[in-house]
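Fold and contact review
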Amino acid sequence: MTDTDRGAVGSEYLTIALTKGRLADQTMELLARAGYTCEELGDKKSRKLIFTNEDQKLRFFLSKGPDVPTYVEYGAADIGVTGSDVIMEENRRVFEVLDLDFGKCRMCVAGPAEAGDLLRHHEMIRVASKYPQIAKDYFYNRKHQTVDIIKLNGSVELGPIVELADVIVDIVETGSTLHENGLMVLEEVCPISARMIVNQVSMSMKARRIREFIARVRDAVNMQ
Ligand code: PRP
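Cut-off values and rules
- Residues numbered from 1 in each chain as written.
- Predicted model: local features only at pLDDT ≥ 70, side-chain atom pairs only at ≥ 80, totals over all residues.
- Heavy atoms only, no water.
- Axes fitted to C-alpha atoms, helices over the stretch in contact; angles between N-to-C directions.
- Helix = DSSP H or I, 4+ residues; strand = E, 2+ residues; numbered from the N terminus.
- Parallel < 35°, antiparallel > 145°, perpendicular 65-115°, else oblique.
- Contact = heavy atoms within 4.5 Å.
- Nonpolar A, V, L, I, M, F, W, Y, C, P; charged D, E, K, R; others polar.
- Expected span 1.5 Å × (residues − 1).
- Buried < 20%, exposed > 50% of the residue type's maximum accessible area, 1.4 Å probe, protein only.
- Arc of directions from axis to C-beta.
- Domains from an automatic or database assignment.
- Buried area = accessible area lost by both parts, 1.4 Å probe.
- Salt bridge = Lys/Arg side-chain N within 4 Å of Asp/Glu carboxyl O.
- Polar contact = N/O pair within 3.5 Å; in protein donor to acceptor, adjacent residues only side chain to side chain.
- Patch = residues over 30% accessible without salt bridge, like charges linked within 9 Å, V, L, I, M, F, W, Y side chains within 5 Å.
- Areas by Shrake-Rupley, 256 points an atom, 1.4 Å probe, with all protein chains shown as cover.
- Pairing = 2+ DSSP bridges.
- Near = heavy atom within 4 Å.

1. Remarks on the packing of helix 1 (residues 22–33) against helix 9 (residues 207–223)
Taken N-terminus to C-terminus, the directions of helix 1 and helix 9 make an angle of 100°; their axes are 8 Å apart at the nearest point. With respect to helix 9, the element helix 1 is oriented roughly perpendicular. Across the interface between the two elements, L30, L31 and R33 from helix 1 touch F213, V217, A220, V221 and M223 from helix 9. Split into classes, the residues belonging to the contact of helix 1 with helix 9 amount to seven nonpolar, no polar and one charged.

Written as structure tokens, this is what we have:
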């Protein structure tokens, strides 16, 4: 068995990795507008992990966001949908083919107002983040500032409050988590939105189906 025969890449199905939660719901709404559906996925009580549309030869599965690029790189899924934050952080060998224009938020440096001076003067600061690679790239390559990066797995806003870190690098959507914790956006790193990614082998082995899939989803995005 060669690499290209393994998993989804070798099958007659197009396999699509979705990000569990709201992003999966928004993705399925978009796909429905593009003419792709999966009735099984609508059953919220089901504990099934993989869902099939036999007529359209589509398979869907739900996974944690950071695992989506992994499934796609290894060809376990031909296509994946997750946030550009996750795609940047994971830095997998996949093709990013489409901005889906939902799941929009901003990657920011945030902290208490006083931390603004530490940033301006390029002080050696501590940065807490769920996104250590994005934080490292921002401070080292864009700002040329040496910092100490501390990886956290959630509730990152706690970092500056309990003095683990001076600032955080995190996603800001409504800004209410920052506001309710006495923190503010200090710098913007980049805008974030949901993206479609494709396995590099599938892109040529299943070129016709995948090109059509992308074109129909692109039309549905543009119709919004
Ligand atoms: C995300 C993010 C912020 C919050 C931002 O956390 O890490 O904490 O949402 O949203 P807001 O600007 O609308 O308040 P998430 O809910 O994913 O939980 P986590 O911090 O435990 O990862």
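Here the narrative resumes, following the displayed structure.
2. Considerations on helix 1
Helix length check: helix 1, at 12 residues, gives a terminal C-alpha distance of 17 Å against a target of 16 Å (1.5 Å per residue), a fit within 8%. Those residues of helix 1 lying buried are L23, A24, T27, M28, L30 and L31. Along helix 1, the residues classed as buried sweep out an arc of 160° about the axis, all on the same side. Every exposed residue of helix 1 that faces more than 90 degrees away from the buried side is listed here: R22 and E29. Directly after helix 1, the chain includes G35, whose backbone phi takes a positive value near 95°.

3. Regarding the domain arrangement of the protein chain
Taken as a whole, the protein chain is organised into domain 1 (3–103 + 193–222) and domain 2 (105–191). Spacing between the C-alpha centres of domain 1 and domain 2 amounts to 31 Å. Across the boundary between the two partners, domain 1 contributes seven residues, which contact 10 residues of domain 2. Together, the buried faces of domain 1 and domain 2 total about 630 Å²; carbon and sulfur atoms form 51% of this surface. With a shortest N-O distance of 3.3 Å, E173 and R22 are connected by a salt bridge. The interface formed by domain 1 and domain 2 includes four residue pairs in polar contact (both at pLDDT 80 or more). When residues in the side of domain 1 that touches domain 2 are grouped by element, the largest group, four residues, is from helix 3 (residues 84–90).

4. Focus on a nonpolar patch on the surface
A grouping of L158, I161 and V162 is seen on the molecular surface, where their side chains present a nonpolar patch of about 280 Å² in accessible area. Mapped onto the fold, V162 is located in the loop between helix 6 (158–161) and strand 9 (167–172).

5. Observations regarding the sheet that holds strand 9
Spatially, five strands are ordered 8-7-9-6-10 in an open sheet, and the strand pairing comes out mixed. On the outer flanks of this sheet lie strand 8 (148–151) and strand 10 (184–192), each paired with one strand and no other. On average, adjacent strands in this sheet sit at an angle of 25° to one another, irrespective of strand direction. Judged from the three bridges that link them, strand 7 (residues 126–129) and strand 9 form a sheet pairing that is parallel. Its bridge partner being in strand 9, V127 is matched across the sheet by V167. Relative to the sheet, helix 5 (residues 132–142) contacts strand 6 (105–111), strand 7, strand 8, strand 9 and strand 10, its axis offset from that of strand 10 by approximately 105°.

6. Considering the site of the ligand
Around the ligand sit K130, G154, S155, E157, D170, I171, V172, E173, T174, G175, S176 and T177, and that is every residue in its neighbourhood. Within the contact set of the ligand, an oxygen atom lies 2.4 Å away from a side-chain nitrogen or oxygen of K130. In the environment of the ligand, an oxygen atom lies 2.5 Å from a nitrogen or oxygen atom belonging to the side chain of T174. With the chains in place, 66% of the 500 Å² that the ligand exposes on its own is no longer accessible. Only strand 9 and helix 7 (176–180) provide two or more residues apiece to the shell around the ligand.

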